[in-house]
Amino acid sequence: MVRPIIQKKDTIMREAISANERLSITLRFLATGNSFEDLKFITRTSPQAIGKIVFETCEVITQCLQRQQAIKIPRTPEEWREISNAFATTWNFPHCVGAIDGKHVAIRKPPESGSFYFNYKKFFSIVLMAVVGADYEFIMVDAGVNGRVSDGGVIAVTEFGRLLDDGSLGLPEPAPLHQNDVIAMPYVFVGDDAFAMSENLLKPYGGDRLESDQRIYNYRLSRARRVTENAFGILTARFGVFQKAMQLSPEKATLITMTCCYLHNFLRKKSRCYIGPGAVDWEDANHEMHAGEWRASQRQLEGLRATMNRNAGNTARLVRDAFRHYFCTQGQVPWQDSM
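Parameters at a glance
Residues numbered from 1 in each chain as written. Predicted model: local features only at pLDDT ≥ 70, side-chain atom pairs only at ≥ 80, totals over all residues. Heavy atoms only, no water. Phe/Tyr/Trp six-rings, centres within 6.5 Å; stacked < 30°, edge-to-face > 60°. Helix = DSSP H or I, 4+ residues; strand = E, 2+ residues; numbered from the N terminus. Lys NZ or Arg CZ within 6 Å of the ring centre and 35° of its normal. Buried < 20%, exposed > 50% of the residue type's maximum accessible area, 1.4 Å probe, protein only. Pairing = 2+ DSSP bridges. Salt bridge = Lys/Arg side-chain N within 4 Å of Asp/Glu carboxyl O. Axes fitted to C-alpha atoms, helices over the stretch in contact; angles between N-to-C directions. Parallel < 35°, antiparallel > 145°, perpendicular 65-115°, else oblique. Contact = heavy atoms within 4.5 Å. Nonpolar A, V, L, I, M, F, W, Y, C, P; charged D, E, K, R; others polar. Expected span 1.5 Å × (residues − 1). Arc of directions from axis to C-beta.

Caption draft 1: Highlighting the packing of aromatic side chains. This structure, assessed with the given rule, holds 13 aromatic pairs. Judged by centre distance (5.6 Å) and plane angle (90 degrees), the rings of Trp80 and Phe189 are edge-to-face. Note that Trp80 is positioned in helix H5 (residues 77-91) and Phe189 in strand E4 (residues 188-190), a separation of 109 residues in sequence. Positioned above the aromatic ring of Tyr274 is the side chain of Arg238, whose terminal nitrogen or guanidinium carbon lies 5.8 Å from the ring centre. The ring of Tyr205 carries Arg320 above its face, with NZ or CZ at 4.0 Å from the centroid.

Caption draft 2: Spatial organisation of the pairing of strand E2 (residues 125-132). Most of E2 is tucked away, with 8 of its 8 residues classed as buried. Alternating positions in E2 separate into two faces, Ser125, Val127, Met129 and Val131 on one and Ile126, Leu128, Ala130 and Val132 on the other, with burial throughout. Sheet topology note: the strand E1 (residues 96-106)/E2 ladder contains 8 bridges and is antiparallel. Bridge pairing in E2 places His104 opposite Val127. In this sheet, strand E3 (residues 138-146) lies alongside E2 in antiparallel orientation, the contact comprising 7 bridges. Each residue of the ladder has a partner; that of Val127, found in E3, is Val145.

Caption draft 3: Highlighting the pattern of salt bridges. Taken as a whole and judged by the stated rule, the model has 17 salt bridges. Here Glu79 ties to Lys72 by a salt bridge, and the two come within 2.7 Å at their closest N and O atoms. One salt-bridge network, held together by shared partners, links Asp101, Asp192, Arg225, Glu229, Asp281 and Arg295.

Caption draft 4: Representation of the packing of helix H2 (residues 19-32) against helix H8 (residues 250-270) in the model. One way to put it is that H2 packs onto H8 with a least axis distance of 11 Å and a crossing angle of 95 degrees. When the axis of H2 is compared with that of H8, the two are roughly perpendicular. On H8, the residues that touch Leu27, Phe29 and Leu30 of H2 are Ile256, Thr259, Cys260 and Leu263. Class assignment of the residues belonging to the contact of H2 with H8 gives a composition of 6 nonpolar, 1 polar and no charged.

Caption draft 5: Region of the structure containing H5. Helix length check: H5, at 15 residues, gives a terminal C-alpha distance of 20 Å against a target of 21 Å (1.5 Å per residue), a fit within 8%. Among all positions in H5, only Trp80, Ile83, Ser84, Phe87 and Trp91 are buried. Across the axial projection of H5, the buried residues extend over an arc of 100 degrees, all falling on one side. Opposite the buried face of H5, at more than 90 degrees from it, the exposed residues are Glu82 and Thr89. Taken together, the buried residues of H5 touch E1, E2, E3, E4 and helix H7 (212-238). Within two residues after H5, Asn92 carries a phi angle of roughly 55 degrees, on the positive side.

In structure tokens:
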């Protein structure tokens with residue numbers, strides 16, 4: 001896909017670096033996170049040339065995979081229902097159309113930026129926001145917001161957030177969760193305390209003194225939301241460029257981040273060994289959760305800070321209560337009490 005675009009012509013003075021070498025250099029940088037200075041010894045290419053090659057090739061990879069729709073926000077009710085059916089089958093959470101989360105990607109301090117990129121964890125970063133499907137693929141990715149915006153407010157400045165707010169995502173019309181129910185329930189995204197709850201975005205019950213049915217709801221939501229943790233975990237483990245602060249400008253760090261996300265989806269679909277057995281969290285026959293291999297990585301991306309907004313609307317609370325009731329009645333699974 002990329003060869004016709006990244007191949008350069010030979011000149012009288014010298015032969016051009018081949019498309020194969022350009023792609024190899026770029027993938028090696030993304031996979032190892034080694035500096036351009038380190039890569040010069042392996043690639044026999046100057047750091048200056050490597051820097052130019054990496055960013056040019058990342059732009060082309062992203063453009064090619066965009067045309068392939070490697071990351072695609074569904075726009076029709078039918079497409080959203082496919083995702084919902086996958087969550088219901090795999091994670092026993094009906095009407096779930098995605099798990100949403102955000103992470104801080106560490107970067108060097110941009111010159112003359114003050115505290116604009118300085119986050120609550122005391123390092124400089126850009127924010128990576130994503131919605132993840134039931135099979136660890138990214139449905140939506142947005143990167144580049146300054147790290148200072150470190151709570152649920154970051155979702156409002158993404159395309160996904162704007163579409164969610166104005167009802168333009170094309171979600172299916174509300175429908176009963178069970179064939180014996182008469183109340184129509186909306187299709188929802190699941191998230192954590194970093195986000196403000198709404199009719200279409202559910203989060204856990206907070207506090208230490210929860211009733212049994214609230215704890216069951218929290219378990220069921222956490223089980224569905226785990227796909228985001230694993231997607232980010234695999235991304236960080238497979239692409240070493242996330243293992244330390246990127247010594248790049250916010251714009252270039254954003255390009256690198258988006259390229260890795262597109263490659264994640266591409267490899268998820270094309271390569272059986274990209275996510276091998278034990279790579280992600282898995283449940284045994286008794287539904288005990290076992291940690292995926294990515295959790296042993298020395299560095300993980302930092303999550304967003306919990307939002308201070310506790311003023312969820314009455315409709316959002318009623319929707320959450322209805323899901324809680326469903327999980328303790330028609331929608332219960334045999335192992336949830338012991339969990």
